[in-house]
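Take a look at the letters that make up each chain.
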Amino acid sequence: MSDKFDVIVIGAGPAGYVAAIRAAQLGLKVACVDAFAGKDGKQALGGTCLNVGCIPSKALLDSSRQFYNLTHNFDAHGISADNAKIDIPTFVARKDKIVKQFTGGVAQLFKANKVTPFFGKGKLLKGNQVEVTAADGAKQTISAANVILASGSVPIELPFARFDGKTIVDNAGALDFAAVPKRLAIIGAGVIGLELGSVWKRLGAEVIIIEALPDFLGSADADIAKVAQREFKKQGLDIKLGAKLGKAEVKKDGVHLVYTDKDGEQQLVVDKLLVAVGRRAYTDGLLADDTGVKLDERHRIVVDEHNHTGVDGVWAIGDAVRGPMLAHKGSEEGIAVAEWIAGKAGHVNFDTIPYVIYTEPELAWAGKTEQQLTEEGVPYKTGSFPFAANGRAVAMNEAVGQVKVIAHAETDRILGVHMIGPGVSELIAECVVAMEFKGSAEDLARIVHAHPTLSETVHEAALSVDKRAIHKGN
Ligand SMILES: Cc1cc2nc3c(=O)[nH]c(=O)nc-3n(C[C@H](O)[C@H](O)[C@H](O)COP(=O)(O)OP(=O)(O)OC[C@H]3O[C@@H](n4cnc5c(N)ncnc54)[C@H](O)[C@@H]3O)c2cc1C
């Protein structure tokens, strides 16, 4: 096999594998180096997202949702079942099967697009060479005109609560518990903490979430965060805000936690501890000393607006660079960089990246919050509509939440859309399209929406910006 390529991608997560496929589609000879091993020890392409992130978490969220509905919500439909049980090995095995299907799918896509995979740790050397070190220590060097760094991120570890993979775990550990923990503490009320906390709460665990910040979901729109906090509390998630963990000690009877909140020092003993305080760019061992590629104070690879590192032919994308740590953000950067390399016009619009939290109800948003616009001094108007007045949501017995559209006070251009409720992970897409096309609230309001659908809530919220929603008082 020749060791010369047009493009080498280091990392086969949603940023790297997408970049590799797009570059191959554009006629370039591409290699992709990735070190991730699956449960069978073999190469598992797809990175954090496919192996221990987006896909497995959604598999468990869906299974646990079915169980929770059966045991808590179906009685309203006249459906009951005696002795409903969940078999955790089957629950986890279903998730593993889905992961394998998708990581194997990336391998198939590589084959179909003639992307050459390398299994090992890649290190960028000076002159766009990449040294690949296999698990057994064997080394080989490959080179390319362009190298795309897509090494992703890893969970942040707390020095006083080190991961042991069994009792104090990261996201990967919390996707693989052998049984429902009686008491699960989670450090961090962010997306990962809330999603994985929901999974185990729905299956019967007592879940206590300890969050250092005083505000709940500070980056979400305040109205939406308020509804979320109320709903999660109703579900029994015990979220302690303004609480700082100081110590976590594994003993025979569980993890002994010491944290401080407004009332002083508190103690708690739990069976499992999930540390979900965020993720850091993973650039350890990625760069030889003389490559010229710069890292910032958070170990992220420094790039310009075209994801270029400033070193000839070296680019970086995904969680390893600035911007939100989201799979679709990394994928879009991957496509754009492949296109820039091929001399085409790549494009990523950071202003319309959708954010989703896959709890129950789901949260989704794109664009600015009211808080941000107030800080920036931008004049705006808002319109909202509750799912309680949406026929489809009521028919589904899932009539919680609302959609809020924020538009510029003078131009009516949509500046942000914020949602909490059933299926909003899908509903946000139409708002992103409208925003990408620089649409106005009036544009959304003039589009015909099928009846009865959840999407009518978006329509009504857009009408409400101009105080002309039909199915509520304005
Ligand atoms: C529990 C959880 C749930 C999530 N849910 C969502 C979600 O629903 N939606 C969403 O958008 N995002 C979600 N995310 C975030 C998402 O997983 C990341 O944003 C995304 O995976 C980043 O993609 P990436 O390609 O930049 O990096 P990664 O997916 O981290 O992939 C990087 C790959 O590079 C490999 N690698 C690193 N260094 C080297 C090296 N030197 N040599 C060879 N290989 C290397 C790694 O092993 C890995 O395979 C979730 C994350 C977690 C943890």
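As a starting point, this report considers the structure included with it.

## Observations concerning the pattern of salt bridges
Two side chains carrying opposite charge are able to pair once their charged atoms lie near each other. What the rule picks out here adds up to 28 salt bridges. Residue arginine 65 is joined to glutamate 398 by a salt bridge in which the shortest nitrogen-to-oxygen separation is 3.9 Å. On the criterion of sequence distance, the pair formed by arginine 65 in helix 3 (residues 54-73) and glutamate 398 in the loop between helix 10 (391-395) and strand 21 (402-408) is long-range, its members being 333 residues apart. A residue is classified by how much of its surface remains accessible, and arginine 65, at 28% relative accessible area, is partly exposed. We classify glutamate 398 as partly exposed; its relative accessible area is 23%. One salt bridge connects arginine 162 with glutamate 157, and the closest N-O pair in it is separated by 3.5 Å. Of the residues examined, glutamate 157 reaches a relative accessible area of 30% and is grouped as partly exposed. Within the structure, one salt-bridge network assembled from shared partners comprises Lys39, Lys95, Asp96 and Asp176.

## Remarks on empty space enclosed by the protein
Under the defined criterion, the tally for this structure stands at one cavity of 30 Å³ or more. Surrounding the largest cavity, Pro155, Asp170, Asn171, Ile192, Leu274, Val275, Ala276, Val277, Gly278 and Arg279 form its lining. Per-class residue counts for the lining of the largest cavity are six nonpolar, two polar and two charged.

## Here's the deal with the environment of glycine 278
Within the secondary structure, glycine 278 is located in the loop between strand 15 (272-275) and strand 16 (279-281). Sequence separation of glycine 278 and isoleucine 192 is 86 residues, and the distance between their C-alpha atoms is 8.4 Å. Aside from chain neighbours lying at most four places away, what touches glycine 278 is Pro155 and Ile156.

## A closer look at helix 11 (residues 424-436)
A rise of 1.5 Å per residue sets the reference length of helix 11, with its 13 residues, at 18 Å; its end C-alpha atoms lie 18 Å apart and thus fit the reference within 8%. For helix 11, the set of buried residues is Val424, Ser425, Leu427, Ile428, Cys431, Val432, Ala434 and Met435. Mapping the buried residues of helix 11 onto a view down its axis gives an arc of 160°, with all of them on the same face. Taken together, the buried residues of helix 11 touch strand 18 (355-357), strand 19 (362-367), strand 22 (414-421), helix 12 (441-445) and helix 13 (456-465). Positive phi shows up at lysine 438, right after helix 11, with a value of about 55°.

## A look at the site of the ligand
Residues in contact with the ligand amount to 38 residues; listed here are only the nearest, Asp34, Thr48, Lys58, Gly122 and Ala327. In this structure, serine 153 approaches the ligand through a main-chain N or O atom, which is 3.4 Å from an oxygen atom. In isolation the ligand offers 1000 Å² of accessible surface; the protein chains occlude 93% of this area. The greatest single-element share of the shell around the ligand, amounting to four residues, is contributed by helix 2 (residues 47-52). Partitioning the shell around the ligand into residue classes produces 18 nonpolar, 15 polar and five charged.

## Some points on the sheet that holds strand 11 (residues 238-240)
Judged by pairing direction, the sheet is parallel, and its five strands sit side by side in the order 8-15-9-10-11 without closing on themselves. The open sheet has two edge strands with one neighbour each: strand 8 (168-169) and strand 11. Bridging between strand 10 (residues 206-210) and strand 11 involves three bridges; their strand directions are parallel. Within the sheet, the bridge partner assigned to isoleucine 209 lies in strand 11 and is isoleucine 239. Along the sheet, helix 6 (residues 191-202) contacts strand 9 (183-187), strand 10, strand 11 and strand 15; its crossing angle with strand 10, the most-contacted strand, is approximately 165°.

## Notes on the packing of helix 1 (residues 16-25) against helix 4 (residues 88-113)
Packing of helix 1 against helix 4 leaves a shortest axis separation of 10 Å and a crossing angle of 20°. In terms of their interaxial angle, helix 1 and helix 4 are classed as roughly parallel. Between helix 1 and helix 4 lies a crossing whose hand is left-handed. Contacts from Tyr17, Ala20, Ile21, Ala24 and Gln25 of helix 1 reach helix 4 at Val106, Leu109, Phe110 and Asn113.

## Here we look at unusual backbone geometry
The linkage connecting glutamate 360 with the following residue, proline 361, adopts the cis geometry, with an omega of -5°. Position of proline 361 among the secondary structure elements: in the loop between strand 18 and strand 19. For the bond from histidine 451 to proline 452, the omega torsion is -5°, close enough to zero to count as cis. Structurally, the position occupied by proline 452 is in the loop between helix 12 and helix 13. In the Ramachandran plot, lysine 114 falls in the positive-phi region, its phi being about 60° despite a non-glycine side chain.

## A closer look at the sheet that holds strand 12 (residues 244-251)
Here we have three strands laid out as an open sheet, ordered 12-13-14, and antiparallel in their pairing. The outermost strands of the open sheet, each flanked by one partner alone, are strand 12 and strand 14 (264-270). Between one strand and the next, the sheet's axes are offset by a mean angle of 20°, whatever the strand orientation. Of the pairings in the sheet, the one linking strand 13 (residues 254-261) to strand 14 comprises seven bridges and is antiparallel in character. Counterpart to valine 255 in the pairing with strand 14 is valine 270.

## Topic: helix 1
In terms of burial, helix 1 is a largely internal element, eight of the ten residues being buried. Every buried residue of helix 1 is accounted for by Gly16, Tyr17, Val18, Ala19, Ala20, Ile21, Ala23 and Ala24. On its buried face, helix 1 sits against strand 1 (4-10), strand 2 (30-34), helix 2, helix 4, strand 6 (139-149) and helix 8 (327-341). Looking at the residues trailing helix 1, positive phi occurs at glycine 27, about 90°.

What counts, and where the lines are drawn
Residues numbered from 1 in each chain as written. Predicted model: local features only at pLDDT ≥ 70, side-chain atom pairs only at ≥ 80, totals over all residues. Heavy atoms only, no water. Salt bridge = Lys/Arg side-chain N within 4 Å of Asp/Glu carboxyl O. Helix = DSSP H or I, 4+ residues; strand = E, 2+ residues; numbered from the N terminus. Buried < 20%, exposed > 50% of the residue type's maximum accessible area, 1.4 Å probe, protein only. 1 Å grid on protein atoms, 1.4 Å probe; cavity = no way out; pocket = protein on both sides within 12 Å on 5 of 7 lines; lining within 4 Å. Points joined across faces, edges and corners; volume = space filled by probe spheres on them. Nonpolar A, V, L, I, M, F, W, Y, C, P; charged D, E, K, R; others polar. Contact = heavy atoms within 4.5 Å. Expected span 1.5 Å × (residues − 1). Arc of directions from axis to C-beta. Near = heavy atom within 4 Å. Polar contact = N/O pair within 3.5 Å; in protein donor to acceptor, adjacent residues only side chain to side chain. Areas by Shrake-Rupley, 256 points an atom, 1.4 Å probe, with all protein chains shown as cover. Pairing = 2+ DSSP bridges. Axes fitted to C-alpha atoms, helices over the stretch in contact; angles between N-to-C directions. Parallel < 35°, antiparallel > 145°, perpendicular 65-115°, else oblique. Left-handed = near helix turned anticlockwise from the far one by under 90°.

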